[in-house]
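Descriptive structure summary
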Amino acid sequence: MSRAVETEPQLSAPVLAAYSYCETVTGQQARNFAYGIRLLPPPKRRAMSALYALSRRVDDIGDGDLPPGVKADRLDETRALLARIGKGAVDEDDTDPVAVALAHAAAHFPIPMGGLDELIDGVLMDVRGETYETWEDLKVYCRCVAGAIGRLSLGVFGTERGALHAERASEYADTLGLALQLTNILRDVREDAGDGRTYLPAEDLAKFGCSAGFAGSEPPAGSDFAGLVHFEVRRARALFAEGYRLLPMLDRRSGACVAAMAGIYRRLLDRIEREPEAVLRGRVSLPGREKAYVAVRGLSGLDTRHVSRQTLRRRA
């Protein structure tokens, strides 16, 4: 994948207003994501906000209180909207600002729009109440709801010309998405249980005596909850290590954005590892000063240089 377009002609008032709406949605609903994309130049930042706004719409349908049949209908309507965008059939004066912004972004960046259909596939799994017996089963879901977002984002970021192994960039972006999603699953295990959802693989829950679920602020009686969390943390760390190979393939600001977002989740993972039962008592988060440090680290290129050195050592 070649480097994404950095410049664009003057935006019309309707397109600028549409992007402004998407950036507002992103800032209000996704603080970690919004924090990361602030590091991007304006064209990329706007495109990422459009992707987020559409993704948020899909997630809100899945998480809402509507009957499953109505949710499925709403998701079908969103697929139809994506088809219109793909055909270039959304005008600047369309009444849907997310559609206007996303159509503009898709016209200026090589975004693999099929990833948004994959996201809808993943949300339909939630609507159907699917559970997952093995990690291989859960990976299918994670690839839909998070790996696809990684691949969509790569369409905006692009890769640096001449980057080594750039043909694997999409694979690494997908894997990094899996790492972030597994971290989300660990962080939200109590909240998801309250909504009647279980994402962790059933065979892992059984292995650590946690098949009874997480309805309260204490682990199931007789379980090894810490063992379960540490097991999943190791799996997430391996995914992060693989996905971080993407960083040297990106330009400085795109790499900083990815390093910032991934770095926030890696630090969340550290906190969860240190105090596993904290996820049963409430949502684990990072203070603003720690997020700022992660952003500075990303801009400095420390993570990118670290990955590059590791890659060179593996080849030696």
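Nothing here was measured: the structure is a model prediction, and the numbers come from that model.

Concerning the overall build of the protein chain
The helix and strand inventory of the protein chain stands at 14 helices and zero strands. Computed over its C-alpha atoms, the radius of gyration of the protein chain comes to 20 Å, within 12% of the 20 Å expected for a compact globule of 316 residues. For the protein chain, the spread of C-alpha atoms along the three principal axes comes to 65 × 55 × 35 Å. In the protein chain, which comprises 316 residues, the proportion classed as buried is 51%. Accessible area for the protein chain stands at about 14,600 Å²; split by element, carbon and sulfur atoms hold 50% of it. Distance from the positive charge centre (43 side chains) to the negative charge centre (44 side chains) of the protein chain: 9 Å.

Structural notes on the packing of helix 8 (residues 169-187) against helix 12 (residues 252-274)
Two numbers describe how helix 8 lies on helix 12: the axes approach to 10 Å, and their chain directions differ by 35 degrees. Relative to helix 12, the crossing made by helix 8 is left-handed. Between helix 8, through Leu176, Leu180, Thr183, Asn184, Leu186 and Arg187, and helix 12, the contact on the second element is made entirely by Val258, Ala262, Tyr265, Leu268, Leu269 and Ile272. The residue makeup of the contact of helix 8 with helix 12, split by class, is nine nonpolar, two polar and one charged.

Observations regarding the packing of aromatic side chains
Aromatic ring pairs are described here by two measures, namely the spacing of the ring centres and the angle between the planes. Under the criterion given, the structure shown has six aromatic pairs. Ring geometry for phenylalanine 208 versus phenylalanine 231: centroids 5.7 Å apart, planes at 50 degrees, classification tilted. Linking phenylalanine 208 in the loop between helix 10 (202-207) and helix 11 (225-243) with phenylalanine 231 in helix 11, this pair joins segments that are 23 residues apart in sequence. Given a relative accessible area of 13%, phenylalanine 208 falls into the buried group. Ring geometry for phenylalanine 240 and tyrosine 244: centres 6.4 Å apart, planes at 80 degrees, overall edge-to-face. Taken individually, phenylalanine 240 and tyrosine 244 each receive the classification buried, so the pair is uniform in this respect.

Overview of the side chain of aspartate 251
Tracing the chain through its elements places aspartate 251 in the loop between helix 11 and helix 12. Separated by 2.8 Å, the side chains of aspartate 251 and lysine 44 make a polar contact.

Describing the nonpolar core
Counting residues in each nonpolar core, the largest one holds 103 residues, and the members touching the most others are Leu102 and Leu116. In terms of residue count, the dominant contributor to this core is helix 12 (12 residues). Sequence-distant contacts of leucine 116, defined by excluding residues within four places in its chain, comprise Leu51, Leu54, Ser55, Leu82, Leu102 and Leu152.

Side note on the environment of leucine 247
The topology assignment puts leucine 247 in the loop between helix 11 and helix 12. What makes leucine 247 buried here is its relative accessible area of 2%. Each C-alpha atom of the pair leucine 247 and alanine 193 lies 34 Å from the other, and the pair is 54 residues apart in sequence.

Quick notes on unusual backbone geometry
Backbone geometry at histidine 165 places phi at a positive 60 degrees, although glycine is not the residue there. Relative to the elements of secondary structure, histidine 165 occurs in the loop between helix 7 (135-157) and helix 8.

Observations concerning the state of the cysteines
Enumeration according to the criterion identifies zero disulfides in this entry. Considering cysteine sulfurs only, cysteine 257 is the nearest to cysteine 22, which forms no disulfide, with 16 Å between them. Judged by its relative accessible area of 0%, cysteine 22 is buried. Distance from the sulfur of cysteine 142, which forms no disulfide, to the nearest cysteine sulfur (cysteine 144) is 9.4 Å.

A look at helix 11
The terminal C-alpha atoms of helix 11, which comprises 19 residues, lie 27 Å apart, in line with the 27 Å expected from a rise of 1.5 Å per residue. Every buried residue of helix 11 is accounted for by Phe225, Gly227, Leu228, Val229, Phe231, Glu232, Val233, Arg235, Ala236, Leu239, Phe240 and Gly243. For helix 11, the secondary structure elements touched by its buried residues are helix 7, helix 8, helix 10 and helix 12.

Quick notes on the side chain of aspartate 174
Assignment of secondary structure puts aspartate 174 in helix 8. Given the relative accessible area of 6%, aspartate 174 is considered buried. At a separation of 2.6 Å, a polar atom in the side chain of aspartate 174 contacts the side chain of arginine 143. The contacts of aspartate 174, once residues within four sequence positions are left out, are Arg143, Gly147, Ala148 and Arg151.

A few points about the confidence of the model for the protein chain
When pLDDT is low, close inspection of the predicted coordinates is not appropriate. Per-residue confidence for the protein chain averages 90 on the pLDDT scale, and 91% of its residues sit at or above 70. pLDDT under 50 marks residues 2-7. Its contacts with residues more than four places away, or in other chains, come to 18 contacts.

Calculation rules
- Note on numbering: residues in each chain are counted from 1, in written sequence order.
- Restriction of local features to residues with pLDDT of at least 70 applies here, the model being predicted, together with a cutoff of 80 or more for giving and counting side-chain atom pairs; totals for whole chains, interfaces and linings are based on all residues.
- The side-chain quantities take in all heavy atoms of the structure and omit both hydrogens and water.
- Helix and strand definitions follow DSSP, with helices as H or I runs of at least four residues and strands as E runs of at least two, each counted in order from the N terminus.
- Each radius of gyration reported is based on C-alpha atoms, and the globular scaling rule is 2.2 Å times the count of residues to the power 0.38.
- Only protein chains enter the area calculation, which uses a 1.4 Å probe; residues under 20% of their type maximum are buried, those over 50% are exposed, and those in between are partly exposed.
- Only the protein chains shown count as cover for residues, and all accessible areas are computed by the Shrake-Rupley method using a 1.4 Å probe.
- Under the convention used here, Asp and Glu are negative, Lys and Arg are positive, and both His and the chain ends fall outside the count.
- The atoms used to mark charge sites are NZ of Lys, CZ of Arg, CG of Asp and CD of Glu.
- Orientation is described by axes fitted as lines to C-alpha atoms, over the contacting stretch for helices, and by angles from 0 to 180 degrees between their N-to-C directions.
- Crossing handedness: left-handed means the near helix sits turned counterclockwise from the far one by under a right angle, and right-handed means the same turn made clockwise.
- For this analysis, residues touch if any pair of their heavy atoms sits within 4.5 Å.
- By the convention adopted, Pro, Cys, Tyr, Trp, Phe, Met, Ile, Leu, Val and Ala count as nonpolar, Lys, Arg, Asp and Glu as charged, and the other residues, Gly among them, as polar.
- Pairing of aromatic rings covers Phe, Tyr and the six-membered ring of Trp, with a centre-to-centre limit of 6.5 Å; geometry is then stacked below 30 degrees between planes, edge-to-face above 60, and tilted otherwise.
- What qualifies as a polar contact is a pair of N or O atoms within 3.5 Å, subject to a donor-acceptor requirement within protein and to the restriction that residues adjacent in sequence count only when both atoms come from side chains.
- Grouping buried Ala, Val, Leu, Ile, Met, Phe, Trp, Tyr and Cys residues that are joined through side-chain atoms within 4.5 Å yields what is termed a nonpolar core.
- Cysteine sulfur atoms are paired as a disulfide whenever they come within 2.5 Å of each other.
- Expected helix span is given by 1.5 Å per residue-to-residue step, counting one fewer step than there are residues.
- The quantity called pLDDT is the predictor's confidence in a given residue, expressed from 0 to 100.

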